[in-house]
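Summary of the model geometry
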Amino acid sequence: MSQSSETFKALENAVAEKKLTESAHKNIQYWLTAPQYAEYVETIEKLVADGEWKALDDAFWTVIPFGTGGRRGKMFPVGTNVINDVTIGESAQGLADYVLEFLKNTGATHTPTCAIAYDTRHRSRDFAELCAGIMVANGFKVWFLDGYRSTPEMSFMVRYKKCDCGIMVTASHNPPSDNAVKVYWATGGQVLPPHDAKIIENVMSSGTVKKADFAQVLADGKVEYCQEEVDRAFIDAVLKVSKPGPRNLNIIYSPLHGVGASCVLPALAGAGFENVQLFGPHAEPSGDFPNVPNHVSNPENPAVFDMIIDDAKRQGNIDLILATDPDSDRLGVAAPLSYAPNAEWKTLTGNQIGTLMADYLLSELQASGELTPEHYVVETLVTTPLLKKVADSYGVRTIRDLLVGFKYIGGAIEENDPEKFVIGMEESYGFLVGTHARDKDAAVAAMIFSEMAARAKAEGKTVHEKLADIFAKHGQYGESAFSVAMTGSDGMMKMKALLERFRTAPPQELAGLCVVSVEDYQNGTTLNTATGTRSPLAGPTGQLVILRLEEGNSVAVRPSGTEPKIKFYLFASLPPGTDGNVSERLAALENALRNA
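The paragraphs below set out a description of the structure included in this document. (Residues numbered from 1 in each chain as written. Predicted model: local features only at pLDDT ≥ 70, side-chain atom pairs only at ≥ 80, totals over all residues. Heavy atoms only, no water.)

1. Focus on the pairing of strand β3 (residues 141-144)
Burial along β3 is two-sided: the residues K141 and W143 and V142 and F144 are all buried. Bridge count between strand β2 (residues 113-118) and β3: four bridges; the pairing is parallel. Within the sheet, the bridge partner assigned to C114 lies in β3 and is V142. At this point the chain moves from β2, through helix α6 (residues 124-137), to the parallel β3, and the crossover so formed is right-handed. Examined bridge by bridge, β3 and strand β6 (residues 223-225) share three bridges and lie parallel to one another. From the neighbouring strand, V142 faces β6, where its bridge partner is V223. (Buried < 20%, exposed > 50% of the residue type's maximum accessible area, 1.4 Å probe, protein only. Helix = DSSP H or I, 4+ residues; strand = E, 2+ residues; numbered from the N terminus. Pairing = 2+ DSSP bridges. Right-handed = clockwise from strand over helix to strand, strands pointing away.)

Now the structure itself:
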C-alpha cells in the first residue's frame, strides 16, 4: 500500500472512531490532492502517521474567519483554521482582488498602493514579506516599514501615503503561539461594511495566490522602505494634540516586549517629559514575551504590572507606570493611591483611563474657550456609560451606539467632523486622540494621560484621586469583563447555543437583580421580560446581547471577533452620595453569570 493510500485509510478510520470531524476530513483530503498544496503533503502525512488527530482536527475543521480585528489564530504549518503561509497568503490575495475590483468599478486609473508593517511576534516579518510579494504580484506598489512598528503608525501611514489599503501583521496581546493580519481601508481604519464582507468573499473564493520574491521586488523598487520618513511624520502628528502644562512627572514605561519603544518614548520626549525610564526586563523585542505572566503581554491584566510596581516602590519617587501591548495600540496604567511614603499602587481599568483622559481634554478645551456643542466623544455599546455623563456635563455630544471594535469608532470619525472629535475609547484599553489615525493609538494615549497625571500632581492629587472627584460628581461607576474559552470544532456551536439561550430564555434575575429587558442586536429586537413582548430595537446589527437589569445595571454578551471565546461585560453604578460598593456588585454578577 502506498503512503498516500495509508494516509487516506487512516483518515477514514479516524472519522469512524470520532477522532476527526467530517469537515476536517474533507479539508485535509483537499489539501492532499489539490496541486497548490503539494508542498504540504509530507507534513500532513507525518501528522496522520503520528496520530495527531486533535491537532489536525483543530487545524482543519473549518476555515479561519475574519473578525472585528481581521484574521487571527494559532500558528500551525498546515490547516485552514490556523495562521500559516496559506491562510495569510489567501488573505492578502483576497484583499488585492477586492481592492482592484473596487478601484476598477470607481473608475480609478492610478497604480494601487498598500502599506505594510509588522510587530515583534514570531514570523511577523516573514508574513509581512509574503504579503508584500503578493500585493506586488497583483500590481500594487508597497510602502513597507522595515522594523518593528506599531499598528497606529501603520494606520497613519495608510493616510499619510494615501494608500488604497494596509496590512498589519500582529496578534495584538494574544499568546506567543498566535499571529494575525489586520486589514485596513484607505481611511486608515480597519475594514468596515460593506467592504469587509466583500473582502471575505474574495478570501474564501481565492484560487491561485499570485506571488513575487520579496528581495527581487524590493530591488526593483516595487516595495519601498519608508520608516524614517513615516516615523518622523507620525510623531509630529501625535505631538500636534499635546496640551501645554506641567511636566513634572516620574514615569516608568514598559513595552511588554513589543514595539512600543519606537513610538511611546519619542512621543513622551517630544511632549516634554524628561523623567521617563524604560523598564529593562520588558525592553527586549521578543515574540516569546518573557518576564510577563504566562508569556501574555496584555496590559489589561493587572499582574503584568506587579514586577514594575515593585521597582517603582523600591525607587520611591515614581508617579506613574505605563505599559503597552505588543503592537502598541492598547495602554495600561498603574499609579499610587496617594503621594504618601510607601503608598499602595493600583491599576486602572480601560474605562477609567479613558474617562480620565476625556475629562482632562474637555476641561482643557473649555478653559481655552475652544469647546463647542459640536465637539463629540465616541465609545461602543460595551464601554462605560460614565463617559456620556462626563460629556453631558461639558455640553458635548456622545456617539455610543456602536458595535464592539475600534473600526466602528474610526468609522464614526469619518462620518462626523474629524476636527470636532475629542476622544474615542473602548473598554479594552484602546484610545484615540487626534485625527492622524483611525485606529486606537497607545502612543498618543500615553502622552495625553501623562499630561493629565502631571496636571493632577501639580494640584497635589494622584490619578486615583482625580477619578474619585469624577465619581463624587457623577456617581460611582464600575465595569468588569471576563471571557469563557470555547475552543475546538464544537466551540462555535457552544457559543451560538449560549447566545441563543440569552436571547430567547434569559435568566429572570442575576445576583438578586431582576432582568428587565433583553436587547438582541442580531435580530434588532428588545424583549420586555415582564410582558414577554418584543419591540424593534434601533441601532447596529451584530452578534451582541445586552441584558438590562434593575437599578441601572446591565450585562452584555458577545462572541469574540478574534479569538475562540465568549465575552461578558458587566456594568454597575450608584448615584452620587449613595453608600455601597460597585465592586461587590460586579463580583456577584460575575459569579451569577458563571453559574447561570
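2. Quick word on unusual backbone geometry
Put simply, P193 and P194 share a cis peptide bond, and its omega is 0°. Its place among the elements puts P194 in the loop between β5 (178-185) and α8 (195-205). You will see that E551, though not glycine, has its phi angle at about 65°, which is positive. When you line up the elements, E551 lands in the loop between β21 (545-549) and β22 (554-559).

3. Section: helix α12 (residues 306-315)
Turning to α12, its buried residues number three or more, namely I308, I309, D311 and A312. Buried residues of α12, seen end-on, are gathered within an arc of 160° and therefore sit on one face of the element. Exposed residues on α12 whose side chains face more than 90 degrees from its buried face are D310 and R314. Considering only its buried residues, α12 is in contact with β7 (251-254), β9 (320-324), β10 (331-336) and β11 (345-347). Note on α12: the residue one or two positions beyond its end, G316, has a positive phi of about 85°. (Arc of directions from axis to C-beta. Contact = heavy atoms within 4.5 Å.)

4. Section: the sheet that holds β11
The five strands lie next to each other as β8-β7-β9-β10-β11, forming an open sheet whose pairing is mixed. Each edge of the sheet is formed by a strand with only one pairing partner; in this case those strands are β8 (276-278) and β11. Ignoring which end each strand starts from, the neighbouring axes of this sheet average 20° apart. Pairing between β10 and β11: three bridges, direction antiparallel. Counterpart to A335 in the pairing with β11 is K346. Packed onto the sheet, helix α16 (residues 442-458) meets β7, β9 and β10 and runs at close to 170° relative to β9. (Axes fitted to C-alpha atoms, helices over the stretch in contact; angles between N-to-C directions.)

5. Some details on the packing of helix α2 (residues 22-33) against helix α3 (residues 41-49)
Two elements in contact, α2 and α3, have axes whose closest approach is 9 Å; the angle formed by their N-to-C orientations is 135°. By the criterion of interaxial angle, the relationship of α2 to α3 is oblique. With respect to the hand of their crossing, α2 and α3 are arranged in left-handed fashion. Facing α2, whose interface residues are I28, W31 and L32, α3 presents V41, I44 and E45. (Parallel < 35°, antiparallel > 145°, perpendicular 65-115°, else oblique. Left-handed = near helix turned anticlockwise from the far one by under 90°.)

6. A word on the packing of aromatic side chains
Geometry of an aromatic ring pair is reported as the spacing of the ring centres plus the angle between the planes. This model, assessed by the stated rule, comprises 16 aromatic pairs. When the centroid spacing of 5.8 Å and the interplanar angle of 35° are considered together, the rings of Y98 and W185 count as tilted. Separated by 87 residues along the polypeptide, Y98 in helix α5 (residues 85-105) and W185 in strand β5 bring together distant segments of the chain. For the pair formed by Y98 and W185, the shared burial category is buried. Judged by centre distance (6.2 Å) and plane angle (70°), the ring pair of F502 and F568 falls under edge-to-face. Of this pair, F502 sits in helix α18 (residues 491-504) while F568 sits in strand β23 (residues 565-574), placing them 66 residues apart in sequence. In this structure F568 comes out as buried when scored by relative accessible area, which is 4%. Here a set of aromatic residues connected by ring pairs shows up, and it is made of Y30, W31, Y37, Y40 and F60. Positioned above the aromatic ring of W143 is the side chain of K161, whose terminal nitrogen or guanidinium carbon lies 3.9 Å from the ring centre. Here R501 stacks its cationic end above the ring of F502, 5.8 Å away from the centre of that ring. (Phe/Tyr/Trp six-rings, centres within 6.5 Å; stacked < 30°, edge-to-face > 60°. Lys NZ or Arg CZ within 6 Å of the ring centre and 35° of its normal.)

7. Concerning the nonpolar core
Side chains of a nonpolar character, in soluble globular proteins, are inclined to be buried together. In terms of nonpolar packing, the biggest core is built from 72 residues, with L320, L322, L331, I448 and F449 touching the most fellow members. With 11 residues, the single largest contributor to this core is α16. Sequence-distant contacts of F449, defined by excluding residues within four places in its chain, comprise L320, L322, L331, V333, I353, L356, M357 and V463. Of all hydrophobic cores here, the second largest spans 36 residues; its members include L130, A132, F140 and I167. (Core = buried A, V, L, I, M, F, W, Y, C linked by side-chain atoms within 4.5 Å.)

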